[in-house]
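Take a look at the letters that make up each chain.
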Amino acid sequence: MLGSITVLAPAKINLGLKVFPRRADGYHDIQSVFTTVNLFDTLTVSVTEEKLKCEVICPQMKLPEENTFTASYKAFCVLTGIQKGVRVEVQKRIPAGGGLGGGSSDASSFIQSLDCLFGTHLSDDDLAFLAGKVGSDVFFFTHALAADGKKRFSVYEPYAAVVEGRGEIVKQIDARNDFCVLLVFPGVGVSTKDAYSLVDQWYIKNKIHCESCEAFELEKIYRKDVKDWTFVNDFTSPVCSEYSSVAEALAFLNNAGAAFADMSGSGSTVFGVFKNRNDALEAQKKLNVKFQSVIS
């Protein structure tokens, strides 16, 4: 059994995000293309002797006592019977409340770290079960880490998928690497719960009826020239109407020459897709006057 392991937890962006009305169980079905981006949290997970204890150290932000790490650890222990304690040290680079899946990615990397540390050899079904106990986006990151039988813990390899259902239906597609992404942080956090509430209200107010499309249609759009993308994020309009800084950051990106720009997930991070890094760098210089940003 290993004593400790250090792993990466990548961020993601959504290229288009269709949100369907709330289900009877409280969840919403979605359709989206998820793709990882080159921005990571770093986790160092160590085994301790304190029974059934998950200690979380995160210098960059104060986490609630009950968080994705403790939820993941409890579910893992129930499933496997492991009782040894763990300590996880988190170096946060992915902003919270940013629509980049940081908490979900951390949970997935943490669960698979536990699997490596304790040699529990979790099956795909086991990993899916644990993902469902923690959060909907965890399904995608679970697939991203273990795609093609690999463990993408320390070397970044882009991963893309069409994601449907509440997030549990993940269909891998060939990831593109022929464009550059500029992530812009408007300086506000948007809770996922609040964002879904805004979408529900927006649909009622504007009498919007949602229609699904086939997964291959989303992949077909993804394969087009970036300037021809027709992806739409259903969160963008209601969130921008509520948070002016998000709308302003998105307008900045469009005016800075992005071939495509939108909000990621339920916000608040917006992103611009550029055909080359130099164009992204030029845009970043303009944006950094008012917003924090990073090129991925």
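Since this is a predicted model, take the numbers as computed values, not measurements.

Considering the sheet that holds strand β8 (residues 260–263)
Phase 1 of the analysis: Judged by pairing direction, the sheet is antiparallel, and its four strands sit side by side in the order β8-β9-β7-β10 without closing on themselves. Each of the sheet's edge strands pairs with one partner strand only, and the pair in question is β8 and β10 (292–295). Mean inter-strand twist for the sheet, computed between neighbouring axes without regard to direction, equals 20°.
Phase 2 of the analysis: Here four bridges tie β8 to strand β9 (residues 270–274), and the two strands are oriented antiparallel to one another. Note that in β9 the partner of A261 across the bridge is G272.
Phase 3 of the analysis: Together, β7 (180–185), β8 and β9 form the strand contacts of helix α8 (residues 244–255), whose direction differs from that of β9 by roughly 10°.
Phase 4 of the analysis: Contacts from helix α9 (residues 277–287) reach β7, β9 and β10, with the element oriented near 15° to β7.

What to know about the packing of aromatic side chains
Phase 1 of the analysis: Under the counting rule described, the total for this entry stands at 13 aromatic pairs.
Phase 2 of the analysis: Where Y196 meets F235, the ring centres are 4.9 Å apart and the plane angle is 85°; that geometry is what we call edge-to-face. Of this pair, Y196 sits in helix α5 (residues 192–206) while F235 sits in the loop between α6 (215–223) and α7 (236–242), and the two are 39 residues apart along the sequence.
Phase 3 of the analysis: What makes F235 buried here is its relative accessible area of 1%.
Phase 4 of the analysis: One aromatic cluster is present, built from ring pairs that chain together F179, Y222, W229, F231, F260 and F271.
Phase 5 of the analysis: Note that K12 overlies the ring of F34, its terminal NZ or CZ placed 5.1 Å from the centroid.
Phase 6 of the analysis: Residue placement shows R176 over the ring face of Y222; its charged tip is 5.8 Å from the ring centre.

Some points on the layout of surface pockets
To locate leftover empty space, one rolls a probe as large as a water molecule over the atoms.
Phase 1 of the analysis: What the largest pocket holds in volume is close to 1100 Å³.
Phase 2 of the analysis: Lining of the largest pocket is provided by 47 residues; of these, G101, S104, D137, T192 and S266 occupy positions nearest its centre.
Phase 3 of the analysis: Taken together, the residues of the lining of the largest pocket sort by class into 19 nonpolar, 20 polar and eight charged.
Phase 4 of the analysis: For the second largest pocket, the calculated volume is near 300 Å³.
Phase 5 of the analysis: C54, V56, E65, N67 and T70 are, among the 16 residues lining the second largest pocket, the residues nearest its centre.
Phase 6 of the analysis: Elements supplying a minimum of two residues to the lining of the second largest pocket: β3 (54–57) and α1 (68–80).
Phase 7 of the analysis: Of the residues belonging to the lining of the second largest pocket, the class tally is eight nonpolar, two polar and six charged.

Observations regarding the pairing of β3
Phase 1 of the analysis: Examined bridge by bridge, β3 and strand β4 (residues 85–91) share four bridges and lie parallel to one another. By the bridge assignment, I57 is partnered in β4 with E89.
Phase 2 of the analysis: The handedness of the β3 to β4 crossover, carried by α1, is left-handed.

Considerations on the nonpolar core
Phase 1 of the analysis: Ranked by internal contacts, the top residues of the largest apolar core, which has 42 residues, are F140, L182, V184, F235, V239, L253 and V270.
Phase 2 of the analysis: Not counting the four nearest positions on each side in its chain, V184 is found in contact with A249, L253, T269, V270, L287, F291, Q292 and S293.

A short note on the pattern of salt bridges
Phase 1 of the analysis: Within this structure, the stated rule accounts for 17 salt bridges.
Phase 2 of the analysis: Between D234 and K18 there is a salt bridge, with the nearest N and O atoms lying 3.6 Å from each other. Of this pair, D234 sits in the loop between α6 and α7 while K18 sits in strand β1 (residues 4–22), placing them 216 residues apart in sequence.
Phase 3 of the analysis: A residue is classified by how much of its surface remains accessible, and D234, at 13% relative accessible area, is buried.
Phase 4 of the analysis: What makes K18 partly exposed here is its relative accessible area of 26%.
Phase 5 of the analysis: For K290, the salt bridge goes to E248, with nearest N and O atoms at 2.6 Å. Here K290, found in the loop between α9 and β10, pairs with E248, found in helix α8; they are 42 residues apart in sequence, far enough to count as distant.
Phase 6 of the analysis: Using a relative accessible area of 29% as the deciding quantity, one classes E248 as partly exposed.
Phase 7 of the analysis: Counted as one network, the salt bridges with shared partners bring together R23, D25 and D29.

The rules behind the values
Residues numbered from 1 in each chain as written. Predicted model: local features only at pLDDT ≥ 70, side-chain atom pairs only at ≥ 80, totals over all residues. Heavy atoms only, no water. Pairing = 2+ DSSP bridges. Helix = DSSP H or I, 4+ residues; strand = E, 2+ residues; numbered from the N terminus. Axes fitted to C-alpha atoms, helices over the stretch in contact; angles between N-to-C directions. Contact = heavy atoms within 4.5 Å. Phe/Tyr/Trp six-rings, centres within 6.5 Å; stacked < 30°, edge-to-face > 60°. Buried < 20%, exposed > 50% of the residue type's maximum accessible area, 1.4 Å probe, protein only. Lys NZ or Arg CZ within 6 Å of the ring centre and 35° of its normal. 1 Å grid on protein atoms, 1.4 Å probe; cavity = no way out; pocket = protein on both sides within 12 Å on 5 of 7 lines; lining within 4 Å. Points joined across faces, edges and corners; volume = space filled by probe spheres on them. Nonpolar A, V, L, I, M, F, W, Y, C, P; charged D, E, K, R; others polar. Right-handed = clockwise from strand over helix to strand, strands pointing away. Core = buried A, V, L, I, M, F, W, Y, C linked by side-chain atoms within 4.5 Å. Salt bridge = Lys/Arg side-chain N within 4 Å of Asp/Glu carboxyl O.

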